[in-house]
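This is what each chain is made of:
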Amino acid sequence: MDFLNGLVVLANFVLIPATSYGAQLALGALGVTLIYGILRFSNFAHGDTMAFGTTITILLTWWFQSMSILSFSPGKSGCFNFARNTVSSILKLSEIKLSF
């Protein structure tokens, strides 16, 4: 079971963040390349948009964690606990009613 917990920790703290960061850099580079190819000058507004999106994502993640919606801890049962927490998080998200 320790090996399985090690794989979950490796995936959560190394593989998923590295893949997401690499995808973000690739999208930024692709956007700058396309704009340069079409307009023949680099428009670096993509960085502002990506920074804004990252800020919103971090703030929403903190808000969800404060409401105990995104509380994924491996615990003693490893990835089985992760699946249970995922289902309960989806159910909690479906119960949120926003009032405007």
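Residues numbered from 1 in each chain as written. Predicted model: local features only at pLDDT ≥ 70, side-chain atom pairs only at ≥ 80, totals over all residues. Heavy atoms only, no water.

S.K.: Which parts of the structure should I look at to understand unusual backbone geometry?
M.R.: Peptide bonds are mostly trans, and most non-glycine residues show a negative phi. Positive phi values are uncommon outside glycine, yet R40 reaches one of about 65°. For R40, the location among the structural elements is in the loop between α1 (2-39) and α2 (45-66). (Helix = DSSP H or I, 4+ residues; strand = E, 2+ residues; numbered from the N terminus.)

S.K.: Please explain the confidence of the model for the chain as it appears in this structure.
M.R.: Do not read the predicted coordinates in detail wherever pLDDT is low. Across the chain, pLDDT averages 76, with 71% of residues at or above 70. For the chain, helix α3 (residues 79-95) is the element with the lowest average pLDDT, namely 67, and α1 is the one with the highest, namely 85. (pLDDT = per-residue confidence, 0-100.)

S.K.: How should I be thinking about α1 in this particular structure?
M.R.: Structural remark: α-helix, 3.6 residues per turn; residues separated by three or four positions point the same way. The first and last C-alpha atoms of α1 sit 54 Å apart over 38 residues, in line with the 56 Å expected at 1.5 Å per residue. Along its length, α1 reaches its greatest deviation from straightness, about 40°, at A11. Regarding α1, the residues found buried are N5, V8, G28 and G31. Where α1 terminates, the next one or two residues include R40, which has phi positive at roughly 65°. (Expected span 1.5 Å × (residues − 1). Bend = angle between axes of the 7 residues up to and from the residue. Buried < 20%, exposed > 50% of the residue type's maximum accessible area, 1.4 Å probe, protein only.)

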